[in-house]
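If you want the building blocks of each chain, they are given just below.
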Amino acid sequence: MEATTASSKPDAIDLSQLCLSEPVAVDLTQLSLRPLGLSDLDDLMVWTSDEKVANFCSREPYTSKDQGIDFIENAAASFLWRRAICLKDRAIGCITLSSYADVDKAREKSAELGYVLGSNYWGKGIVTEAVKQAIKAAFIEFPYLDRVEALVDVENLGSQRVLEKAGFQREGLLRKYLVRKGKSRDTFMFSVLLSDLHPQL
Amino acid sequence: MEAASASSKPDAIDLSQLCLSEPEVIDLTQLSLRPLGLSDLDDLMVWTSDEKVANFCSWEPYTSKDQGIDFIENAAASFLWRRAICLNDRAIGCITLSSYAAFDKAREKSVELGYVLGSNYWGKGIVTEAVKQAIKAAFIEFPYLDRVEALVDVENLGSQRVLEKAGFQREGLLRKYLVRKGKSRDTFMFSVLLSDLHPQL
């Protein structure tokens, strides 16, 4: 499956194009998390316009670059923390932490994890690695946090596996907890605590 | 235990004062839910100033009638629905439904139940009855709702019993989910669905 975007460096050999044609193991040392920028727009449009990716998300697939620009420039403020998931510094997905502290003071020591990855890259351990890095970043950059949680649709088996492998505990099935595509969906609640990682805390 | 407030009708015989002195069975047919008004201020100050009542709440005990007036007049707008729990039309507590739809569209078919009752009246089945009435009101007045949920501290055994008796299901233990008195607390999630009450829906 070829990426639908042109490489941002047309004269260089685009190794990511080679990877896409054949199922290869991804070298996870080539993975990095960094802020999202406007230069990532074309790469971002790949996963945001993909129906398979949008299926378990709250948003519809993007149809215009304006939506991509809006997400890169304006949506950052709505997250506590946001990073592009990069392979060899090319953005292939996104990982975020959200806080509800200004809505409910009783939730000020929790953050909610979210992530999205281009479908070409599913099943290779990429998001699991990104989540492990994100949890560390969360508890270091926001030392007041006790809890990082994640909500996953009961049908999203891949995402459930990611969280289990990344060290989250499944706490319960919240029935008809979230509306997706107009219907209330059963949703698993997962969490990892600072004290899971550092028992003395 | 006498109520701390003066009766609003000093010349009438105040039967609620007689009840308070001895552990009596409450006549649940005398229970009603109605909107809270300024005339309930003195009765409201009884439960809002009580440390035992505030213990599992997010707020500190009220020390001034201004706080009571503010709650009656201004806080109504922050709830989707609010009613006084009344015995013989005297307010002895309060029951509320809160919506997070304004912050998260994915939560627009859920509401969160909350309740508070003067400690003199605990353990008599009053809140269980009020909750049953509130659930019916919720699904009738807000027909788009699929779910009513409630969050209860792991140490609040009385409140857990209320929800179980009122037909809620306990879905899981959310670890360090809510901050109370400055510390993250383990919290049970309970819910009742419209489809629990009406299986064909």
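Novice: Is there a simple way to think about the overall build of chain B in this case?
Specialist: When helices and strands are counted, chain B shows 7 helices and 7 strands. Ordered by position from N to C terminus, the α and β elements of chain B give α-β-α-α-α-β-β-β-α-β-α-β-β-α. Out of the 201 residues in chain B, the part that is buried amounts to 47%. Sequence separation of at least 24 residues holds for 61% of the intrachain contacts in chain B that already meet a minimum separation of 6.

Novice: It is not clear to me how the pattern of salt bridges should be interpreted in this structure. Could you clarify?
Specialist: Between side chains of opposite charge, a pair can form as their charged atoms come close. Residues and elements named next belong to chain A. If you walk through the whole model with that rule in mind, you get 30 salt bridges over all chains. With its nearest N and O atoms 2.8 Å apart, the salt bridge here joins R90 to D43. Taken as a pair, R90 in strand 3 (residues 90-98) and D43 in helix 2 (residues 41-48) lie far apart in primary sequence, 47 residues in all. Overall, D43 belongs to the buried group, its relative accessible area being 11%.

Novice: Can you help me understand the interface of chain B and chain A in this one?
Specialist: How big an interface is tends to be stated in terms of accessible area lost as the parts join. Tallying the contact residues gives 29 residues for chain B and 29 residues for chain A. In total, about 2,400 Å² of surface goes out of reach between chain B and chain A, with carbon and sulfur atoms giving 52% of it. When the area that chain B buries against chain A is broken down by residue, the three leading residues are R175, K176 and Y177 of chain B, summing to 29%. The interface formed by chain B and chain A contains 4 salt bridges. The residue R175 of chain A makes a salt bridge to E171 of chain B at a minimum N-O spacing of 3.2 Å. For the pair chain B and chain A, the interface holds 14 residue pairs in polar contact (both at pLDDT 80 or more).

Novice: Any chance you could explain unusual backbone geometry here in plain terms?
Specialist: Backbone geometry follows two general trends: most residues other than glycine have a negative phi, and most peptide bonds adopt the trans configuration. Residues and elements named next belong to chain A. Of note in the backbone geometry, K88 takes a positive phi value of approximately 50° without being a glycine. Mapped onto the elements of the fold, K88 is located in the loop between strand 2 (81-87) and strand 3. Classification of K88 by relative accessible area gives partly exposed; the value is 45%.

Novice: In this structure, what is going on with the packing of helix 2 of chain A against helix 4 (residues 65-73) of chain A? I would like to understand it.
Specialist: Two numbers describe a pair of packed helices, the interaxial angle and the distance between the axes. Residue and element names in this part refer to chain A. In the contact formed by helix 2 and helix 4, the axes pass within 10 Å of each other and the chain directions differ by 110°. Classified by the interaxial angle, the pair formed by helix 2 and helix 4 is roughly perpendicular. Within the contact between the two elements, helix 2 uses L41, D42, L44 and M45 and helix 4 uses K65, G68, I69, F71 and I72. Across the contact of helix 2 with helix 4, the residue classes break down as 6 nonpolar, 1 polar and 2 charged.

Novice: Is there a simple way to explain helix 4 (residues 65-73) of chain B in this structure?
Specialist: For the α-helix, the turn length of 3.6 residues means that residues three or four positions removed from each other point alike. Residue and element names in this part refer to chain B. Along helix 4, the positions that sit buried rather than exposed are G68, F71 and I72. On an axial view of helix 4, the arc spanned by its buried residues comes to 95°, and they lie on one face. Taken together, the buried residues of helix 4 touch helix 2 (41-48), strand 2 (81-87) and strand 3 (90-98). Its side-chain oxygen 2.9 Å from the backbone nitrogen of D66, S64 forms the N-cap of helix 4.

Novice: Just checking my understanding: could you explain the side chain of D40 of chain A for this structure?
Specialist: For D40 of chain A, the position within the fold is in the loop between strand 1 (31-34) and helix 2. Setting aside chain neighbours within four positions, we find D40 of chain A in contact with R34, P35, I72 and A91 of chain A.

Novice: Whenever I open this one, a positive patch on the surface confuses me. Can you help?
Specialist: All names here are of chain A. There is a patch of like positive charges on the surface, built from K132, K136, R161 and K165. Of all the elements in the fold, those that place two or more residues in the positive patch are helix 5 (126-141) and helix 6 (157-165). Along the chain, K165 turns up in helix 6.

Novice: What am I meant to see in helix 4 of chain A here?
Specialist: All names here are of chain A. Where helix 4 is concerned, the buried positions are G68, F71 and I72. The buried side chains of helix 4 occupy one side of the element, clustering within an arc of 95° when seen end-on. Summarising the contacts, the buried residues of helix 4 are in contact with helix 2, strand 2 and strand 3. Between a side-chain oxygen at the N-terminus of helix 4 and the backbone nitrogen of D66 the separation is 2.9 Å; the capping residue is S64.

Novice: Is there a simple way to think about the side chain of S159 of chain A in this case?
Specialist: You can see S159 of chain A is positioned in helix 6. If we skip the residues at most four places from it in the chain, S159 of chain A touches Y115 and V152 of chain A.

Novice: I would appreciate a short explanation of the packing of aromatic side chains in the present structure.
Specialist: Aromatic rings in a pair are described by how distant their centres are and how their planes are angled relative to each other. Per the stated rule, a full pass over the model turns up 7 aromatic pairs over all chains. Between F71 of chain B and F79 of chain B, the aromatic rings sit 6.3 Å apart at their centres with planes inclined by 70°, giving edge-to-face as the arrangement. Here F79 of chain B falls in the partly exposed class, since its relative accessible area comes to 23%. Its guanidinium or amino end placed over the ring of F71 of chain A, R82 of chain A lies 4.8 Å from that ring's centre, counting from NZ or CZ. If you follow R82 of chain B out to its NZ or CZ, it ends over the ring of F71 of chain B, 4.8 Å from the centre.

Novice: Is there a simple way to explain the confidence of the model for chain B in this structure?
Specialist: Interpretation of this model should avoid reading the predicted coordinates in detail wherever pLDDT is low. All names here are of chain B. Of all residues in chain B, 87% have pLDDT values of 70 or greater, and the mean over the chain is 89. Confidence drops under pLDDT 50 across residues 1-11; counting only partners more than four residues distant or on other chains, this segment forms 17 contacts. Overall, residues 14-22 carries pLDDT values under 50, and its contacts beyond four positions in sequence, including any with other chains, amount to 13 contacts.

Novice: I keep staring at the environment of I92 of chain A and nothing clicks. Help me out?
Specialist: All names here are of chain A. Relative to the helices and strands, I92 is located in strand 3. By relative accessible area, which is 6% here, I92 ends up buried. Sequence separation between I92 and L44 is 48 residues; the distance between their C-alpha atoms is 7.1 Å. Every residue in contact with I92, bar those within four places of it in the chain, is listed here: W47, I85, L87, L117, G118, Y121 and I126.

Rules used in this analysis
- Counting starts from 1 at the beginning of each chain's written sequence and moves along it residue by residue.
- The lettering of chains begins at A and the numbering of ligands begins at 1, in the order of writing.
- The predicted nature of this model means local features are confined to residues of pLDDT at least 70 and side-chain atom pairs, given and counted, to a pLDDT of 80 or more, with totals for whole chains, interfaces and linings taken over all residues.
- Based on all heavy atoms of the structure, the side-chain values leave hydrogens and waters out of the count.
- Strands here mean DSSP runs of E at least two residues long; helices mean DSSP runs of H or I at least four residues long; both are numbered from the N terminus.
- Relative accessibility decides the category of a residue: with a 1.4 Å probe and only protein chains considered, values under 20% of the type maximum give buried, values over 50% give exposed, and everything between is partly exposed.
- Whether two residues touch is decided by their heavy atoms; if any such pair falls within 4.5 Å, the residues are in contact.
- Whenever a carboxyl oxygen of Asp or Glu lies within 4 Å of a side-chain nitrogen of Lys or Arg, that contact is scored as a salt bridge.
- Once two parts are joined, some of their accessible surface, as seen by a 1.4 Å probe, is lost; buried area is that loss totalled over both.
- Polar contacts, as counted here, are pairs of nitrogen or oxygen atoms within 3.5 Å of one another; within protein the pair requires one atom able to donate a hydrogen and one able to accept it, and residues that are adjacent in sequence qualify only if both atoms are side-chain atoms.
- For helices, the fitted axis covers only the stretch in contact; all axes are lines through C-alpha atoms, and the angles between them, taken along N-to-C directions, range from 0 to 180 degrees.
- What sets the label is the angle itself: under 35 degrees gives roughly parallel, over 145 gives roughly antiparallel, 65 to 115 gives roughly perpendicular, and the rest give oblique.
- Note that Gly is not counted as nonpolar here; it falls among the polar residues with everything else outside the nonpolar set of Ala, Val, Leu, Ile, Met, Phe, Trp, Tyr, Cys and Pro and the charged set of Asp, Glu, Lys and Arg.
- This arc is taken over the directions from the axis of the helix to the C-beta atoms.
- Nonpolar side chains (Val, Leu, Ile, Met, Phe, Trp, Tyr) are joined into patches within 5 Å and like charges within 9 Å, using only residues with over 30% relative accessible area and no salt bridge.
- The Shrake-Rupley method, run with a 1.4 Å probe, gives the accessible areas here. Residue values count only the displayed protein chains as cover.
- Here Asp and Glu are counted as negative and Lys and Arg as positive; His is not counted, and neither are the chain ends.
- Note that the charge is assigned to NZ on lysines, CZ on arginines, CG on aspartates and CD on glutamates.
- Any pair of Phe, Tyr and Trp rings, taking the six-membered ring for Trp, is counted once the centres come within 6.5 Å. Such a pair is stacked with planes under 30 degrees apart, edge-to-face with planes over 60 apart, and tilted for the rest.
- Here, a charge over a ring is recorded when the distance from Lys NZ or Arg CZ to the ring centre is within 6 Å and its angle to the ring normal is within 35 degrees.
- As a per-residue quantity, pLDDT reports the predictor's confidence and falls between 0 and 100.

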